[in-house]
Amino acid sequence: MEAVDQLASAGTFRVVKEPLAFLRVLEWLFAIFAFATCGGYSGGLRLSVDCANKSESDLSIDIAFAYPFRLHQVNFDAPTCEGKRREKLSLIGDFSSSAEFFVTIAVFAFLYSLAATVVYIFFQNKYRENNRGPLIDFIVTVVFSFLWLVGSSAWAKGLSDVKIATDPDEVLLLMSACKQQSNKCLPVRSPVMSSLNTSVVFGFLNFILWAGNIWFVFKETGWHSSGQRHSPDTMEKQSSGYNQGGYNQDSYGPAGGYNQPGSYGQVGEYGQSQSYGQSGPTSFANQI
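Residues numbered from 1 in each chain as written. Predicted model: local features only at pLDDT ≥ 70, side-chain atom pairs only at ≥ 80, totals over all residues. Heavy atoms only, no water.

(A) Up close: the overall build of the protein. A count of helical and extended segments in the protein gives ten helices and five strands. When each of the 288 residues of the protein is scored for burial, the buried share is 32%. Excluding contacts between residues fewer than 6 apart, the proportion of contacts in the protein whose partners are at least 24 apart in sequence is 71%. Surface accessibility of the protein: about 17,700 Å² in total, with carbon and sulfur atoms responsible for 59%. (Helix = DSSP H or I, 4+ residues; strand = E, 2+ residues; numbered from the N terminus. Buried < 20%, exposed > 50% of the residue type's maximum accessible area, 1.4 Å probe, protein only. Contact = heavy atoms within 4.5 Å. Areas by Shrake-Rupley, 256 points an atom, 1.4 Å probe, with all protein chains shown as cover.)

(B) Examining the confidence of the model for the protein more closely. Chain-level pLDDT for the protein is 79 on average; 72% of the residues reach the 70-or-more range. Considering only residues more than four positions removed or in separate chains, one finds that residues 229-288, a stretch of pLDDT under 50, has 24 contacts. (pLDDT = per-residue confidence, 0-100.)

(C) Just the pairing of strand S1 (residues 42-50), in detail. As defined by bridge partners, S1 adjoins strand S2 (residues 58-66) across seven bridges and the pair is classed as antiparallel. Counted as the bridge partner of Ser42 is Ala66 from S2. By the bridge criterion, five bridges tie S1 to strand S5 (residues 184-189) in an arrangement that is antiparallel. Across the sheet, the residue bridging to Val49 is Cys185, located in S5. (Pairing = 2+ DSSP bridges.)

(D) Expanded view of the packing of helix H3 (residues 96-122) against helix H5 (residues 132-165). Where H3 meets H5, the closest approach of the two axes is 9 Å, and the angle between their N-to-C directions is 155°. With respect to H5, the axis of H3 lies roughly antiparallel. The interaxial crossing formed by H3 with H5 has left-handed handedness. For the pair H3 and H5, the contacting residues are Ser98, Ala99, Phe101, Phe102, Ile105, Ala106, Phe108, Ala109, Tyr112 and Tyr120 in the first and Ile136, Asp137, Val140, Phe144, Leu147, Trp148, Val150, Gly151, Ser152, Ala154, Trp155 and Gly158 in the second. The residue inventory of the contact of H3 with H5, partitioned by class, reads 17 nonpolar, four polar and one charged. (Axes fitted to C-alpha atoms, helices over the stretch in contact; angles between N-to-C directions. Parallel < 35°, antiparallel > 145°, perpendicular 65-115°, else oblique. Left-handed = near helix turned anticlockwise from the far one by under 90°. Nonpolar A, V, L, I, M, F, W, Y, C, P; charged D, E, K, R; others polar.)

(E) Here's a closer look at the sheet that holds S2. With respect to topology, three strands assemble into an open sheet ordered S2-S1-S5, the strand pairing being antiparallel. The two strands at the open ends of the sheet, each matched to only one other strand, are S2 and S5. Mean inter-strand twist for the sheet, computed between neighbouring axes without regard to direction, equals 25°.

(F) Molecular detail of the side chain of Thr117. If you trace the backbone, Thr117 turns up in helix H3. Residue Thr117 is classed as buried on the basis of its relative accessible area, which comes to 11%. Sequence-distant contacts of Thr117, that is, excluding residues within four places in its chain, are made with Arg24 and Val25.

(G) The packing of aromatic side chains, seen in detail. Under the criterion given, the structure shown has 17 aromatic pairs. Judged by centre distance (6.1 Å) and plane angle (45°), the rings of Tyr41 and Phe65 are tilted. Taken together, the residues span a long stretch of sequence, with Tyr41 in the loop between helix H2 (19-39) and S1 and Phe65 in strand S2 at a distance of 24 residues. The class for Phe65 is buried, based on a relative accessible area of 3%. Ring centres of Phe102 and Trp148 lie 5.9 Å apart, and the angle between their planes is 80°; this geometry places the pair in the edge-to-face category. (Phe/Tyr/Trp six-rings, centres within 6.5 Å; stacked < 30°, edge-to-face > 60°.)

(H) Helix H7 (residues 194-218), seen in detail. Across its 25 residues, H7 extends 37 Å between first and last C-alpha, which sits within 8% of the 36 Å expected from 1.5 Å per residue. Regarding H7, the residues found buried are Leu196, Ser199, Val200, Phe202, Gly203, Asn206, Leu209, Trp210, Asn213 and Val217. Among the structural elements, H2, H3 and H5 are those in contact with the buried residues of H7. (Expected span 1.5 Å × (residues − 1).)

(I) Just H2, in detail. The end-to-end C-alpha distance of H2, which contains 21 residues, comes to 30 Å, matching closely the 30 Å that a straight helix rising 1.5 Å per residue would cover. Residues Leu20, Ala21, Leu23, Arg24, Glu27, Ala31, Ala34, Thr37 and Cys38 constitute the buried set of H2. Of the surrounding secondary structure, the elements contacted by the buried residues of H2 are H3, helix H4 (124-128), H5 and H7.

(J) Spatial organisation of the environment of Val171. Along the chain, Val171 falls in helix H6 (residues 168-172). Along the sequence, Val171 and Ile63 sit 108 residues apart, while their C-alpha atoms lie 9.9 Å from each other. Excluding its chain neighbours within four sequence positions, the residues that come into contact with Val171 are Leu45, Leu47, Ile63, Phe76, Leu91, Ala165 and Thr166.

(K) A look at unusual backbone geometry. A cis geometry characterises the amide bond from Tyr67 onward to Pro68, with omega recorded as 10°. Position of Pro68 among the secondary structure elements: in the loop between S2 and strand S3 (75-79). Positive phi values are uncommon outside glycine, yet Phe69 reaches one of about 65°. Among the secondary structure elements, Phe69 is positioned in the loop between S2 and S3. Given a relative accessible area of 0%, Phe69 falls into the buried group. A positive phi is found at Cys81, a non-glycine position, where the angle reads about 60°. By secondary structure assignment, the location of Cys81 is in the loop between S3 and strand S4 (86-90).

Listed below in structure tokens is the structure:
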């Protein structure tokens, strides 16, 4: 407790209030919800087959399935309405790839968000001292943003296929007894998919969080800081070039090429006007 009090008094946990660490905490929580709502799912449906011969009927056929949704391995028995013989059937489809991919992304995102939050709080100086930490953090954040988008989209498509494969009306079509009009086949209970729908929502929310956090991680990298330093330096160099260049040098000033005492300003061949302006009229007057 003393160590925690010292860290809190030193302001170590203030970093959680900053957008970078705060979003990491949200990513950690949302990753938990994502893989918990998908990976922990188990559901089922119930069907009823009422044969013409009531003794052959089965009014309670329970079919249970769960994550990772390898439905082709889910078997159940159904009456054939032809004596006591029953047939063994199975659901259709294998949707484990998209579901397991989604849960794997959520687990690794949970672990990385937790590790990053610990680094932000307890090792912030080491994280920023050589720019390697922010660069790795930036790359990982971009990768997870892409994975969340792909994984959530794939799982949304997989979930729609799971709903179709476990639809009681679709399952009844697999039974031979239901193809005879004399028998009555009815769905009794449909599977509840609310938690799976929630997992898809949390998947896309995680994508939004990770994509939005790219900017705050980028601000910690040397690329962002070097870009900020480069812009003022460039402006200073340009302004110094105009102040020290040919437009403000003395070439156009008092000592410049046009204002220097040169061939047109000095008393030269055309500037010595005394021989033509003074001696000429005097000699003419004497001659007269």
